[in-house]
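A closer look at the structure
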Amino acid sequence: AAGQRLHALLSSPLHTHGLEGAWRWVQQQKQAGVFRGEVIGPLGLELKVKRGPHAERLAQNLEQSTWSQLCNFACEFPEDEKLLMDTFKAQGVRSSAVTVRQSAAVPAGDAARFRDYGVLCTLDEVFDAPPLVKKALANTCGLHRTYCTAHDDTDMVRRLMEQHGVRNVFTTDALVTYIASSYGSREDAAVKSTTLYPLRVLGNAAGVDEERKQQLQAQLQQVQHKCAQLDQQVAAKQQQEGPLNQQVEALHQQKQQLAAEVAAAKAKRQKLHSTMKMANIRLAKLEAKPDPLQEAPALQRKIAKALAMHHGALTAQIEAVTAQWELLQQQVVADMSWRELDMQARAMQQALEERKVELRRLQAAAKAAVAAAKSAKDAFSRAKDEAAAEHPLNDEARKRFEQMPDDREELQEKIAELEVEVAGIAVNNPRVVEEFLKRKAEIERLAQDLAAQRAQLDTLHAEIEQLKEDWLPKLQEVVGQINTSFAANFAQIGCAGEVLLSQHEDYDKFSIQIKVKFREHEDLQLLTAHRQSGGERSVSTILYLIALQGVTVTPFRVVDEINQGMDPANERKVFVQLVEASCQEGTPQCFLLTPKLLPDLPFTEDITILNIFNGGLISDHVAGQYDRKLLFGSALDQLLQGVPVAG
């Protein structure tokens, strides 16, 4: 039957180039034990269609869906599928292989729910096949969700589809398909009726060659007649051999009896010989042993020696226990002393920290005092220079100045006397002195304010320098880490890059400079909107973001269409780095939004693929052609089974 069906499949329009050779190659590999699990195919050879009104509908569903369903192969493990696909590709065979999980149950139909609508059965009930074949056809053709009726009532079929979401129903002479939009209402749905086509493969295979059947029956009768003649001859020979067999049996029994007697005699002789040998050995040992009475003094000396050794060992053990107890007491004392010293050390450490804080405060105060003294000294020098410029001293005035006292109190007393004398001088304008004193006081106040502000400015400068000493090295260290990671990322794609900290007297003008080099003959260039191309800027941006992952903490990251401007080589390299950086331990979740990806990219078990295929402008016909295996190949099945996928 398999040969007839293979002949029918090869003779049909569904015939795939090289299918017969592929089938014979699979049979050879199965006999050689090459496959890890069960491999079956083509699937059209494994179907045993039950006689009934729905067999033609099954053939219609399988033959009109696509050539690959009847010409496909099914297997249990992905590695067998890969071997099949590689071999088919090398041989130019247009067949495919489908992996079916061992743990998956065979899907079953639920035709009993719709008896009121005239439903008799589902297509998976009209044929017998191995479980692996049934799983494969159910997954690819949905036979357990295709229903068969015995009427042509289109209205009843439409109600069944609209109320229960049924998509495919066979009537007596047509296939009815329910087409509904994912975004419209039920009124927008349509019912499509397709006339059944003539059978091509399963119909031919289901027929019986009557002429061949009659020939085989005639041959069977001839063989049975010959077997009857041979049975008669065998019976006659058995009757002749009866007396001879009895004589042979009697002689055989006598032979066995004599052999048993000989074996018993040999065993008895061997046993006696062994007994005598053991007795001689025991006798020799007894003769070799000395007299116990003569050995008594030596045994007593050995016992006394053993007791003395035992007493010495016991005494040494007691001494060791005593020494251990003393050491334990010393350890307790030492432990208490250590704890006391540790507490003292902690207190001293705390006091040291307090002294350090006080020292830093005093150092700041000392810096401020030095700055104030310097400011006062500068103010004094300026005042002296101004006084010398306005009122230069002559010889007489210089002599009088040198004769003035050096003590501050004496100078203040002298100033008071001179002020009294000045107050007694008669002038025409009585407000001149008052105005002079007022301006002098204002000058002194402004000088004090200036000195105070200069001191405050020096203090603020000192505080800024202190903060800069604490902040700038940490910032430089972080930028250095980013630069190391950024340069390593660029080196992996065969280019060069670095990240620098640009410093300025104005802290608002501090900036990060990114320099890149994509061609070997040029130097590192600053990354700008005009120097590099869009793809080069995209590569630099994503590698800089990857470098930031080591120094930043975020709950998740989102990268939107960063790969659209890159050339395929850089996009593949950048994707590998992004996967490695995002899948490390302790990194946050990363979302990559993109309308397309390159084929054969590396995927791991940490990656989840969310494919959006429900746009408002996508028709149901196009959405129905969506094939995950075409998009992702065997990588998707490996991810579902928890097997890491190599790039």
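Refer to the structure presented above.
Since we're looking at a predicted model, the values are computed, not measured.

**Observations concerning the overall build of the protein**
- Scanning the protein from terminus to terminus reveals 18 helices and 15 strands.
- A burial count over the protein gives 24% of its 647 residues as buried.
- Taking as baseline every contact in the protein between residues at least 6 positions apart, the subset at least 24 positions apart corresponds to 61%.
- When the accessible area of the protein is evaluated, it comes to approximately 46,100 Å², of which 56% is carbon and sulfur surface.

**Digging into the packing of aromatic side chains**
- Summed over the entire model, instances satisfying the criterion amount to nine aromatic pairs.
- Both rings, one in Phe575 and one in Phe603, keep their centres 6.2 Å apart while their planes meet at 65°; by these two values the pair is edge-to-face. Taken together, the residues span a long stretch of sequence, with Phe575 in helix H15 (residues 568–582) and Phe603 in the loop between strand S15 (589–593) and helix H16 (620–624) at a distance of 28 residues.
- In this structure Phe575 comes out as buried when scored by relative accessible area, which is 9%.

**A closer look at the sheet that holds strand S11 (residues 496–502)**
- A sheet is described by the order of its strands in space; here three strands give the open sequence S11-S12-S13, paired in antiparallel fashion. Strands with a single pairing partner mark the edges of an open sheet, and in this sheet they are S11 and strand S13 (525–526).
- Across two bridges, the pairing between strand S12 (residues 511–517) and S13 is antiparallel. Each bridged residue has a counterpart across the sheet, and for Val516 the counterpart in S13 is Gln525.

**What to know about a nonpolar patch on the surface**
- A surface patch of nonpolar side chains, about 430 Å² in accessible area, is lined by Trp325, Leu328, Val332 and Met336.
- Counting through the fold element by element, Met336 comes out in helix H10 (residues 292–390).

**Some points on the nonpolar core**
- In this structure, Phe486, Phe490, Val539, Ile542, Leu543 and Tyr544 are the most contacted members of the largest nonpolar core, which totals 26 residues.
- Secondary-structure elements contributing two or more residues to this core are helix H13 (431–492), S11, S12, helix H14 (534–548) and H15.
- Ranked by the residues each element gives to this core, the list is headed by H14, at seven residues.
- Setting aside residues up to four positions removed in sequence, Leu543 forms contacts with Phe486, Asn489, Phe490, Ile493, Val574 and Gln577.

**Describing the sheet that holds strand S4 (residues 97–99)**
- The mixed open sheet is built from three strands, whose spatial order is S1-S3-S4. In this open sheet, the two strands that pair with only one neighbour each are strand S1 (39–40) and S4.
- Along the sheet face, helix H2 (residues 19–32) touches S1 and strand S3 (73–75) and points at about 25° away from the line of S3.

**Topic: the packing of H14 against H15**
- Put simply, H14 and H15 touch, their axes get as near as 10 Å, and they point 15° apart. Regarding the angle of H14 to H15, the classification is roughly parallel. Considering the relative orientation of H14 and H15, their crossing is left-handed. Only Asn570, Val574, Gln577, Leu578 and Ala581 of H15 make contact with H14, whose side of the interface consists of Val539, Ile542, Leu543 and Ile546.
- A breakdown of the residues in the contact of H14 with H15 according to their chemical character gives seven nonpolar, two polar and no charged.

**Some details on the pattern of salt bridges**
- Taken as a whole and assessed by the stated rule, the structure comprises 13 salt bridges.
- As a salt-bridge pair, Lys82 and Asp86 come within 3.0 Å of each other at their nearest N and O atoms. Taken together, the residues Lys82 and Asp86, both in helix H5 (residues 78–91) and four residues apart, mark about one turn of the helix.
- Here Arg361 makes a salt bridge to Glu358, at a shortest N to O gap of 2.2 Å. Here Arg361 and its partner Glu358 are both found in helix H10, three residues apart, which amounts to about one turn of the helix.
- The exposure class assigned to Arg361 is partly exposed, which follows from its relative accessible area of 47%.
- For Glu358, a relative accessible area of 34% translates into the label partly exposed.
- Each of the salt bridges in this network shares a partner with another, and the network as a whole consists of Arg519, Glu522, Arg531 and Glu536.

**Points about the state of the cysteines**
- Applying the stated rule across the entire model yields zero disulfides.
- Free of any disulfide, Cys148 has its nearest neighbouring cysteine sulfur in Cys121, separated by 4.5 Å.

**Section: the side chain of Thr171**
- Locating Thr171 in the fold gives a position in the loop between strand S8 (168–170) and strand S9 (174–179).
- Apart from residues no more than four positions distant in its own chain, Thr171 is found in contact with Arg57, Thr149, His151, Asp152, Val157 and Val176.

Each value, and the rule that gives it
Residues numbered from 1 in each chain as written. Predicted model: local features only at pLDDT ≥ 70, side-chain atom pairs only at ≥ 80, totals over all residues. Heavy atoms only, no water. Helix = DSSP H or I, 4+ residues; strand = E, 2+ residues; numbered from the N terminus. Buried < 20%, exposed > 50% of the residue type's maximum accessible area, 1.4 Å probe, protein only. Contact = heavy atoms within 4.5 Å. Areas by Shrake-Rupley, 256 points an atom, 1.4 Å probe, with all protein chains shown as cover. Phe/Tyr/Trp six-rings, centres within 6.5 Å; stacked < 30°, edge-to-face > 60°. Pairing = 2+ DSSP bridges. Patch = residues over 30% accessible without salt bridge, like charges linked within 9 Å, V, L, I, M, F, W, Y side chains within 5 Å. Salt bridge = Lys/Arg side-chain N within 4 Å of Asp/Glu carboxyl O. Core = buried A, V, L, I, M, F, W, Y, C linked by side-chain atoms within 4.5 Å. Axes fitted to C-alpha atoms, helices over the stretch in contact; angles between N-to-C directions. Parallel < 35°, antiparallel > 145°, perpendicular 65-115°, else oblique. Left-handed = near helix turned anticlockwise from the far one by under 90°. Nonpolar A, V, L, I, M, F, W, Y, C, P; charged D, E, K, R; others polar. Disulfide = S-S within 2.5 Å.

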